[in-house]
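Observations on chain architecture
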Amino acid sequence: MKPSFSKYSFVASIVATTLVLVCCKSQTSVVAPAIVSMQQVKMDGTADATLDSIITFYRNDINKLMMRNIGICDDILEANRPEGGLSRMAADVVLFEAIKVCNELGNQPPVIALLNNGGLRTSLPKGNVTVQNIFEISPFENSLVIITLNAQQLQAMFEHIAQRGGEPISGATLTISNGKAKEITIDGKPIDNNAQYIIATNSYLAAGGDGFRILQECEQYDTGLMVRDLMIEYVEMLSKQNKHIADPGNIRIKVEDNE
């Protein structure tokens, strides 16, 4: 199933290719120009005409696409531990979009979404939200992955979330006590030791990133849809419904005071 908004992935590929070229030319280890003001330089600091001509060819179209307003945010949303407004919103978006994708494919939909705070690189500003804002929040080429876990694997996943002090989740709640997960609920119910659970996550975590090695052992289906593109689509959907982006507000992770 191919996304209908692949133009954003095209932008990412152009930027990524340019950065590779820059790294090869300058032999630098870190290159992070802003997408809307991409400027290539040699090691001596002068503009590289060849690389600049490549960017000039795309710059106007990219800038127009990236600076397009796609929605409105009611307040500044941040990704914090154990959770923040952006953490909750992003996890809800992934669960919503994953359910929609699975329903379209005729597959059993997920009941939980899991993301990582490290994948949310900045806050979402109050006011107008642009495509660039979403790129800045989610700059990585992470795809949506659907994973099936048994109850023991799910418990291990939540234990790792607790050890990390919290990560963005949707469809579940837990309490962290002395670095351990307790009072875990899935859709308001405790884990059924005889059940299997389907979760939605990104390809980084599915590959064992941030220590979530338990996910590598599970049955997986990579949709090929970029998480960033799904976020853009969701914000655009809200805008068409005359709705704003907001912190969902419902707390999913509590930290018990053990002192």
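Scope of this entry: the structure provided in the associated data block. The shown structure was predicted, so the numbers you read here are calculated from the model rather than taken from an experiment.

**A short note on the packing of helix 3 (residues 85-105) against helix 7 (residues 227-240)**
Working note: a packed helix pair is described by the angle between its axes plus the distance between those axes. Where helix 3 meets helix 7, the axes come as close as 10 Å, and the angle between the chain directions of the two elements is 90°. Accordingly, the angle class assigned to the pair helix 3 and helix 7 is roughly perpendicular. In contact with Ala-90, Val-93, Val-94, Phe-96, Glu-97 and Lys-100 of helix 3, helix 7 contributes Val-227, Leu-230, Met-231, Glu-233, Tyr-234 and Met-237. Considered class by class, the residues forming the contact of helix 3 with helix 7 number nine nonpolar, no polar and three charged.

**Quick notes on helix 7**
For helix 7, built from 14 residues, the straight-helix expectation of 20 Å at 1.5 Å per residue is met to within 8% by its first-to-last C-alpha distance of 20 Å. Among the residues of helix 7, Val-227, Arg-228, Asp-229, Leu-230, Met-231, Ile-232, Tyr-234, Val-235 and Leu-238 are the ones counted as buried. Looking at the residues trailing helix 7, positive phi occurs at Asn-242, about 60°.

**Points about the environment of Asp-187**
Looking at the secondary structure, you find Asp-187 in the loop between strand 7 (180-186) and strand 8 (196-202). When the C-alpha positions of Asp-187 and Gly-171 are compared, they lie 5.6 Å apart, and in sequence the two are 16 residues distant.

**Structural notes on the nonpolar core**
Counting 36 residues, the largest nonpolar core has Leu-124, Ile-134 and Ile-245 as the members making the most contacts within it. Elements represented by at least two residues in this core include exactly helix 2 (49-66), strand 1 (69-73), helix 3, helix 4 (131-137), strand 4 (143-150), strand 8 and helix 7. In terms of residue count, helix 3 provides more of this core than any other element does, nine residues in total. Residues contacting Ile-134, with those up to four places away along its chain left out, are Ile-70, Leu-124, Val-129, Arg-228, Met-231, Ile-232 and Val-235. Ranked by size, the runner-up nonpolar core spans 28 residues in total, among them Val-145, Leu-154, Ile-199 and Leu-215.

**A closer look at the side chain of Thr-148**
Checked against the element boundaries, Thr-148 lands in strand 4. Classification of Thr-148 by relative accessible area gives buried; the value is 19%. Other than its neighbours up to four places away in sequence, Thr-148 contacts Gln-153, Gln-196, Tyr-197, Ile-198, Cys-218 and Glu-219.

**What about helix 5 (residues 151-163)?**
Taking 1.5 Å per residue, 13 residues should reach 18 Å; helix 5 reaches 18 Å between its end C-alpha atoms and fits that length. For helix 5, the complete set of buried residues consists of Ala-151, Gln-153, Leu-154, Met-157, Phe-158, His-160, Ile-161 and Ala-162. Downstream of helix 5 by a residue or two, Gly-165 has a phi angle that is positive, lying close to 80°.

**Some words on the sheet that holds strand 7**
With mixed pairing, the three strands of this open sheet are ordered in space as 7-6-10. If you trace the sheet from one side to the other, it starts and ends with strand 7 and strand 10 (253-255), each paired once. Averaged over all adjacent pairs, the angle separating strand axes in this sheet is 15°, with direction ignored. One ladder, built from five bridges, connects strand 6 (residues 172-177) with strand 7; its direction is antiparallel. Across the sheet, residue Ser-177 finds its bridge partner in strand 7, namely Lys-180. In this fold helix 5 packs onto strand 6, strand 7 and strand 10, with an angle of close to 125° to the strand it touches most, strand 7.

Thresholds, definitions, all that
- Residues numbered from 1 in each chain as written.
- Predicted model: local features only at pLDDT ≥ 70, side-chain atom pairs only at ≥ 80, totals over all residues.
- Heavy atoms only, no water.
- Axes fitted to C-alpha atoms, helices over the stretch in contact; angles between N-to-C directions.
- Helix = DSSP H or I, 4+ residues; strand = E, 2+ residues; numbered from the N terminus.
- Parallel < 35°, antiparallel > 145°, perpendicular 65-115°, else oblique.
- Contact = heavy atoms within 4.5 Å.
- Nonpolar A, V, L, I, M, F, W, Y, C, P; charged D, E, K, R; others polar.
- Expected span 1.5 Å × (residues − 1).
- Buried < 20%, exposed > 50% of the residue type's maximum accessible area, 1.4 Å probe, protein only.
- Core = buried A, V, L, I, M, F, W, Y, C linked by side-chain atoms within 4.5 Å.
- Pairing = 2+ DSSP bridges.

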